[in-house]
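# Secondary and tertiary structure notes
Here is what each chain is made of, one letter per residue.
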Amino acid sequence: MLIKVAAGIILRDDKVFISLRKSNQHQGGLWEFPGGKCEPSESASSALLRELKEECDIFVTDYVLFKKISHDYGDKQVELSFYKVTEFQGDPIGKEGQEVRWVTISDLLSYEFPEANKMIVTELMNTQ
Ligand SMILES: Nc1nc2c([nH]c(=O)n2[C@H]2C[C@H](O)[C@@H](COP(=O)(O)OP(=O)(O)OP(=O)(O)O)O2)c(=O)[nH]1
Ligand SMILES: [Mg+2]
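Residues numbered from 1 in each chain as written. Chains lettered and ligands numbered in written order. Predicted model: local features only at pLDDT ≥ 70, side-chain atom pairs only at ≥ 80, totals over all residues.

## Examining the pairing of strand β5 (residues 59-72)
Looking along a regular strand, one sees side chains alternate from face to face of the sheet. Bridge count between β5 and strand β6 (residues 77-89): 12 bridges; the pairing is antiparallel. Looking at the pairing, H71 lines up with V78 of β6. Between β5 and β6, which pair antiparallel in sequence order, lie 4 residues; one of them, G74, sits at a positive phi of approximately 90 degrees. (Pairing = 2+ DSSP bridges. Helix = DSSP H or I, 4+ residues; strand = E, 2+ residues; numbered from the N terminus.)

Written out as structure tokens, the structure reads:
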């Protein structure tokens, strides 16, 4: 079954906000762009807004679809919609206790992300 996921590349000045997946989660111990699974019949953009409120406590007011990536992890097949989040209210935090960081785009190379994110990191570097 294909799992639909929405993730936010939260941008402020020259930094991007990333969080660490908990060790008990799928792809645990790796860094991510915050987000999560779409509920049945929920659009990816609605899931983005809901997940970023739940996980980071921000209210997203402007976003644009950056890239859609399908990836087969073997145990799970995901379709990730990565959005650039350019405007939001509040200051993002790790609301669920997850470790978080603001890093530059080039810093992203020093962090380990799930396989599906590799292309995203490369594209972000190229579009800067
Ligand atoms: N949020 C997020 N998920 C990612 C990224 N890259 C990537 O492969 N994934 C995968 C890991 C998971 O299989 C899936 C997202 O699931 P999730 O664990 O964030 O979902 P969720 O927030 O709804 O969590 P839960 O309620 O099921 O615990 O997508 C990413 O950058 N961000
Ligand atoms: Mg999540």
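## A short note on the site of ligand 1
Close to ligand 1 lie 18 residues, the nearest being A7, E32, G35, G36 and P114. Among the secondary structure elements, those contributing two or more residues to the shell around ligand 1 are β1 (2-12), β4 (35-37) and β6. Here the shell around ligand 1 gets 3 residues from one element, more than from any other, and that element is β4. (Near = placed C-beta within 6 Å.)

## Section: the UniProt feature "domain: Nudix hydrolase" (unreviewed entry) in the protein chain
The positions UniProt marks with the feature "domain: Nudix hydrolase" (unreviewed entry) are residues 1-127. Here residues 1-127 runs as 18% helix and 43% strand, with 32 Å between its end C-alpha atoms. (UniProt positions renumbered as here; feature names shortened; annotations may be inferred.)

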